[in-house]
Amino acid sequence: MNYKKRIIDFYKSEALINPKILSTYLHDDIILEWNSSTGYIKMNRDDLLSLATELSRSYISSKVDISHILKDGNFISVRYTHSIKTIENPREYILLANFIVIWEFKDEKLYRGYQISQVV
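Residues numbered from 1 in each chain as written. Predicted model: local features only at pLDDT ≥ 70, side-chain atom pairs only at ≥ 80, totals over all residues. Heavy atoms only, no water.

## Things to note about the pairing of strand β4 (residues 75-86)
Strand direction decides the pairing type here: strand β3 (residues 59-72) and β4, joined by twelve bridges, are antiparallel. Paired with Ser62 across the two strands is Ile84, which belongs to β4. Taking the residues that link successive antiparallel strands as the turn, the β3-β4 hairpin has two residues, and the phi of Gly73 there is positive, at about 65°. By the bridge criterion, ten bridges tie β4 to strand β5 (residues 94-106) in an arrangement that is antiparallel. Bridged to Ile84 within β5 is Ile94. (Pairing = 2+ DSSP bridges. Helix = DSSP H or I, 4+ residues; strand = E, 2+ residues; numbered from the N terminus.)

The following block contains the structure:
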């Protein structure tokens, strides 16, 4: 499988704000370890799907701009910015945060993630 293409497809889709799309990319045993500007959180599949559901209530569109993507075996590292359109302001994308994440694939799905983010 071409993991770089899979990651690009993942981030170009609406998966971050659409739990139906997101679920197609996630391994059943996924774990995301996330260090954000507000602290550390460890999320499983249900947590990630709940987050996407919550985001879909406030954001009508999501856009990811990838600046760097590196592959090493079944690991992909991605540096990107995440922008959103809100219900209150549907005409303009607003920069949400900057991210760096290392994804591990298993069974062609996102299996382990190690992410750092900073709100803009």
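## Quick word on the nonpolar core
In this structure, Ile7, Phe10, Tyr11, Leu22, Trp103 and Leu110 are the most contacted members of the largest nonpolar core, which totals 26 residues. When residues of this core are traced back to their parent elements, those giving at least two are α1 (3-12), α2 (19-25), β1 (26-36), α3 (45-58), β4 and β5. Among the elements that make up this core, the one with the highest residue count is β5 (five residues). Residues within four places of Ile7 in sequence aside, it is in contact with Ile69, Ile76, Val78, Trp103, Phe105 and Leu110. (Core = buried A, V, L, I, M, F, W, Y, C linked by side-chain atoms within 4.5 Å. Buried < 20%, exposed > 50% of the residue type's maximum accessible area, 1.4 Å probe, protein only. Contact = heavy atoms within 4.5 Å.)

## Structural notes on the sheet that holds β1
In sheet architecture, strand pairing relies on hydrogen bonds along the backbone and comes in two forms, parallel and antiparallel. One open sheet holds the six strands; their spatial order is β2-β1-β6-β5-β4-β3, and the pairing between them is mixed. If you trace the sheet from one side to the other, it starts and ends with β2 (39-44) and β3, each paired once. On average, adjacent strands in this sheet sit at an angle of 20° to one another, irrespective of strand direction. The pairing of β5 with strand β6 (residues 109-119) spans ten bridges and is antiparallel. Pairing of Glu104 across the sheet is with Arg112, part of β6. Across the sheet, α1 is in contact with β3, β4, β5 and β6; its angle to β3 comes to roughly 160°. Lying over the sheet, α3 contacts β1, β2, β3 and β4, oriented at roughly 70° with respect to β1. (Axes fitted to C-alpha atoms, helices over the stretch in contact; angles between N-to-C directions.)

## Remarks on α3
Side chains three or four residues apart in an α-helix point the same way, a direct result of the helix having 3.6 residues per turn. Under the 1.5 Å per step criterion, the end-to-end length of α3 is 21 Å for 14 residues, consistent within 8% with the ideal 20 Å. Buried within α3 are the following residues: Arg45, Leu48, Leu49, Ala52 and Leu55. What you see down the axis of α3 is that its buried residues fit within an arc of 120°, all on one side. Away from its buried face by more than 90 degrees, α3 exposes Asp46 and Arg57. Where α3 is buried, its residues touch α2, β1, β2 and β3. Between the side-chain oxygen at the start of α3 and the backbone nitrogen of Asp46 there is a gap of 3.0 Å, and the oxygen is on Asn44. (Expected span 1.5 Å × (residues − 1). Arc of directions from axis to C-beta. Polar contact = N/O pair within 3.5 Å; in protein donor to acceptor, adjacent residues only side chain to side chain.)

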